[in-house]
Amino acid sequence: MRNLFKGLMTATALASMMASTALAEEPKQGGTLVTVLGTNVRNLNSAVQSGIVTGFPGAQLFASPLRYDEDWTPQPYLAESWEVSEDGLKVTLNLVKNAKFHDGTPLTSKDVAFSVEVIKANHPFKAMFAPVTSVDTPDDYTAVLNLSQPHPALMLAMSGQLMSIIPQHIYGDVPVDEVKTHPRNNENVVGSGPFKLAEFVNGQHVILERFDDFFIEGRPYLDKIVMRIIPDPAARAIAYENGEVHMGAFELLPRIVNRLKKVENLTVTPEGYGAVGPLDWLAMNTQRGPLKDVRVRKAIAYAVDKNFILKALMQGTAVESRTGIHPDSPFYKADVEAYEVDLDKANALLDEAGYPMEGDSRFSLTIDFGWADVKPQTEYVKAALKKVGIDVEVRASADFPTWAKRMGEMDFDMSWDSVFNWGDPVIGVQRTYISSNIGKGVWSNTQGYSNERVDELLEMAAVETDSDKRKALYDEFQTIIADELPVYHINALPYHTVYSDKVGNPPLGIWGTSTPIDMTYLKD
Amino acid sequence: MAFLQKFLIRTLYAVILLAAVLVLNFSMMHLAPGDVADTISQSMGGADEEVLAQIRADYGLDQPFLVQLGRYMGNVLQFNLGYSFFYNAPVTDLILDRLPATLLLVFTAQILALGIGVVLGVISARRPNGIASHFVTMLALFGYSAPVFWTGILLLIAFSLKIQWFPVAGMRDVTIEGGFFTHALDVARHLVLPVITLGSLFLALYSRLARATMMEVLGSDYVRTAKAKGLTEREVVYKHALKNSLSPVITLAGLQFSAVISGAVLVEAVFSWPGLGTLAFQSIIARDTPTILGILFFSALVVIAGNLLTDLALRLVDPRVGGKR
């Protein structure tokens, strides 16, 4: 973790050697890996569509400049080496010379420049490349990203599914901002990743085949990947159990996770979700009624027993989270106020805030939820707050858009919410707490939270190239939000990857299945 | 002439009905807060306001309601059901892709249920207090009252997990290689559990109705006459009574056929059957208006066609229907 960003200024050939010797067993060539996707794929082109479903096929079809190892250290991928200038305003990528697209055309720096343009115009995470002003291409294998300010978040944004290099000769025939509806996003897709598209049948499956001219010699190991689309979690569980499916990710229903853990020949692990960084929390609208008062928000935190949620509702499948950064991230700070359940303290805080108990009630609030899985959590909050005299009404939404609209317009008191980190804090964390992003749609700063010091810390951390200093800034930020509670952080979403004993080297790195699985293989 | 006039009037009604279905549903979808831009952003892990606005502009969702409605109806008049925002594909393609799977599932289930249901109904009608009759009644009650998703999961646990005879989900196994016959057999294997699940619901309806009408017919004067003529019981039941008791069953089958899509939604969801039901369900969740409206339009067409076919079938078994009045 020390000096992460500066350490990148030198090529990391050594680190990549270490990564490849970490394999204990000799991988076997060939075979068809059957995996599963939980929802239909909207778009296979990960340069214009983010999200966990597109991430898996997207990262197989398209290669990105970097990849990451388990310790959050960047590794060469399409870029065999890279340099960051002393002032942090130039990032030079030296591309491998043998990369080809699936149609045989060589991949050059022009494609990198084109992809940055397309991503900037279409990708929903504007923060990733916002400081990138232009890309120079001095020769075919050198791409220089010019920045308006130092941008350490760029490193993670160049890995996983976030910076898919797409071919200009295929997608360049329409204006860049129309690439998101390009017909080649779903059929005859051409990338430079380890696998090429064989067949995509909407609602049924995606089939990928080994790309024989992949730029890493001897890879990938698998001949074929079949991604079946099975939306029903119970049916997926049976498919793992009877061996129809070898591997799947993003399973989170506690009873299913716990059942699968008991099945012989299956491994069920929460590893591989650090970069996607999914978090569950109780959002509080800091601009409405009693919730404006930080003492009320603290009282709520003291009255809600996290252990009950973790043990009874999540049935031990989830880990606690205390801040807006995922517990697996190197930036996570666990040493902040944890709000052990304490009803006396809660009552005292509410009295102090000027809401005395009248009869058995002080005031009333509403709590929203956007999807059925988290209804028990909201019912629990209602029961827990009743004990300290807060009457809570659980407000259901007809569907996700209804809830999203309420959140986006800040028309709520409290809500259960799940928000993802998506790599660097600049991409997925900052949006929830910075005051310039208040009330800008769902998953913005819907809490209306505003704190000058927090804004300052987030802005400084976004441009801080020294990783120790950067961590210190995020430490202070986490301490403040844990103290002021615009959201009460509860747990990391219990996503689990399930794989059978037949699968060798499953993708359990920081990006999970949103990375190329060129090193995954099938045992005999 | 009279026939042509009747046909024209019916067609006119059908067009009005279709237009009403579309306008009403379009308006209702529009009344609900939020739109497909929200679900697109959800599928992408969140998007800022600028991106949401861009998505809305791309799909014309930023236009006033009447403009959007006018555009849509204009397209439909040109037989263009529009473009699915969520799946990035023409709605007609999506529906036609999914239709065969649903038809295969529903037809197989309907035909088996109709055939077996009528046989069971007749058997139990002949001895209304016999053991067979009670057994059929129990089976029917169970089939009708058990929720299909429960029956489906139970069948999966029994026949995909404990005894691994049938596959869990989908319509075919893409890892299988072979000729037409191998693939047909593979689809048939995938079809068994969904058909049993869906069929048990229909079976209950048909067997109960066949039993009731058969009992009624068996008590009528002409059956007594036939028996008095000295015909055997078999001849009476299958030659005289059965034909006369069939028309309510056919009417019901026609009505059920109209419910093709609604009936299949849950079964398709449980078995990940790639049909229209799954598509309808997913589009509703995604608030993908063009796809939902396309499916509704299509369902309305099926209902109209189903009613016409039922009329025809009734004429075949009962010459009195549609005769000169």
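Residues numbered from 1 in each chain as written. Chains lettered and ligands numbered in written order. Predicted model: local features only at pLDDT ≥ 70, side-chain atom pairs only at ≥ 80, totals over all residues. Heavy atoms only, no water.

Student: Sorry, what's going on with the overall build of chain B here?
Tutor: Helix and strand content of chain B: 13 helices and two strands. Taken along its principal axes, the extent of the C-alpha atoms in chain B is 85 × 60 × 40 Å. By residue count, 46% of the 325 residues in chain B fall in the buried class. Taking the contacts inside chain B whose residues are at least 6 apart along the sequence as the reference set, 73% of them involve residues at least 24 apart. Put simply, chain B shows about 16,900 Å² of open surface, and 71% of that area lies on carbon and sulfur atoms. Here chain B contributes 23 positive and 20 negative side-chain charges, whose respective centroids are spaced 22 Å apart. (Helix = DSSP H or I, 4+ residues; strand = E, 2+ residues; numbered from the N terminus. Buried < 20%, exposed > 50% of the residue type's maximum accessible area, 1.4 Å probe, protein only. Contact = heavy atoms within 4.5 Å. Areas by Shrake-Rupley, 256 points an atom, 1.4 Å probe, with all protein chains shown as cover. Lys, Arg positive; Asp, Glu negative; His and termini not counted. Charge placed at Lys NZ, Arg CZ, Asp CG, Glu CD.)

Student: Teacher, can you tell me more about the sheet that holds strand β17 (residues 487–492) of chain A here?
Tutor: Within a sheet, adjacent strands bond to each other through the backbone by hydrogen bonds, running parallel or antiparallel. Residue and element names in this part refer to chain A. Pairing in this open sheet of five strands is mixed, and the strands run β15-β14-β16-β13-β17 from one edge to the other. Each of the sheet's edge strands pairs with one partner strand only, and the pair in question is β15 (390–396) and β17. In this sheet, neighbouring strand axes are inclined to one another by 30° on average, regardless of whether the strands run parallel or antiparallel. Note that strand β13 (residues 278–284) and β17 share five bridges and pair antiparallel. Within the sheet, the bridge partner assigned to D280 lies in β17 and is N491. Sheet strands in contact with helix α13 (residues 400–408) are β13, β14 (363–369), β15 and β16 (414–420), and its direction is about 100° off that of β16. (Pairing = 2+ DSSP bridges. Axes fitted to C-alpha atoms, helices over the stretch in contact; angles between N-to-C directions.)

Student: Could you clarify how one ought to interpret the domain arrangement of chain B in this entry?
Tutor: Interface size is often expressed as the accessible area that is lost when the parts come together. Residues and elements named next belong to chain B. For chain B, the domain assignment lists domain 1 (26–78) and domain 2 (96–317). If you average the C-alpha positions of domain 1 and of domain 2, the two centres end up 38 Å apart. Contact residues are listed per partner, giving 10 residues for domain 1 and 10 residues for domain 2. Taking both partners together, domain 1 and domain 2 bury about 750 Å²; carbon and sulfur atoms supply 69% of that area. Taken together, the links from domain 1 to domain 2 amount to zero salt bridges. Scanning the region where domain 1 abuts domain 2 turns up two residue pairs in polar contact (both at pLDDT 80 or more). Those elements giving two or more residues to the side of domain 1 that touches domain 2 turn out to be α1 (2–31), α2 (36–43) and α4 (65–77). Residues of the side of domain 1 that touches domain 2, tallied by class, amount to seven nonpolar, two polar and one charged. (Domains from an automatic or database assignment. Buried area = accessible area lost by both parts, 1.4 Å probe. Salt bridge = Lys/Arg side-chain N within 4 Å of Asp/Glu carboxyl O. Polar contact = N/O pair within 3.5 Å; in protein donor to acceptor, adjacent residues only side chain to side chain. Nonpolar A, V, L, I, M, F, W, Y, C, P; charged D, E, K, R; others polar.)

Student: What should I look at first to understand α2(B) in this one?
Tutor: The periodicity of an α-helix, 3.6 residues per turn, causes residues three or four positions apart to be oriented the same way. In terms of burial, α2(B) is largely enclosed, as six of its eight residues are buried. Taken as a whole, α2(B) has its buried residues at V36(B), A37(B), D38(B), T39(B), I40(B) and S41(B). The inward-facing, buried residues of α2(B) abut α13 of chain A together with α3 (49–58) and α12 (276–286) of chain B. In the stretch just after α2(B), G45(B) is the one whose phi turns positive, near 80°.

Student: How should I be thinking about the sheet that holds strand β6 (residues 132–139) of chain A in this particular structure?
Tutor: Residue and element names in this part refer to chain A. An order of β4-β5-β7-β6 is seen for the four strands of this open sheet, with the pairing classed as antiparallel. A strand with exactly one partner marks an edge of an open sheet, and here the two such strands are β4 (79–84) and β6. Here the average twist between neighbouring strands, direction ignored, is 20°. Of the pairings in the sheet, the one linking strand β5 (residues 90–95) to strand β7 (residues 142–147) comprises five bridges and is antiparallel in character. Among the inter-strand pairings, V91 is bridged to a residue of β7, identified as L145. The sheet strands contacting helix α4 (residues 109–122) are β5, β6 and β7, and the helix crosses β6 at an angle near 170°.

Student: Got a minute to help me understand a nonpolar patch on the surface in this structure?
Tutor: Residues and elements named next belong to chain B. On the surface, a cluster of nonpolar side chains totalling about 510 Å² of accessible area is made up of F142, F149, W150, L154 and L266. If you tally residues by element for the nonpolar patch, the top one is helix α7 (residues 148–162), at three residues. Tracing the sequence through the fold places F142 in helix α6 (residues 131–145). (Patch = residues over 30% accessible without salt bridge, like charges linked within 9 Å, V, L, I, M, F, W, Y side chains within 5 Å.)

Student: Would you mind showing me how to read the environment of E178(A) here?
Tutor: All names here are of chain A. On the secondary structure map, E178 appears in the loop between α6 (168–171) and β8 (195–201). Since its relative accessible area comes to 41%, E178 is described here as partly exposed. Between the alpha carbons of E178 and S418 there is a distance of 30 Å; along the sequence they are 240 residues apart.

Student: What is the right way to read the pattern of salt bridges from this model?
Tutor: Where charged atoms of side chains with opposite charge meet at close range, the side chains can pair. All names here are of chain A. Under the defined criterion, the tally for this structure stands at 29 salt bridges over all chains. For R228, the salt bridge is made with E244, and the minimal N-O distance between the two is 2.9 Å. Taken together, the residues span a long stretch of sequence, with R228 in strand β10 (residues 224–229) and E244 in the loop between α7 (233–241) and β11 (247–251) at a distance of 16 residues. Note on R228: relative accessible area 13%, which makes it buried. Given the relative accessible area of 21%, E244 is considered partly exposed.

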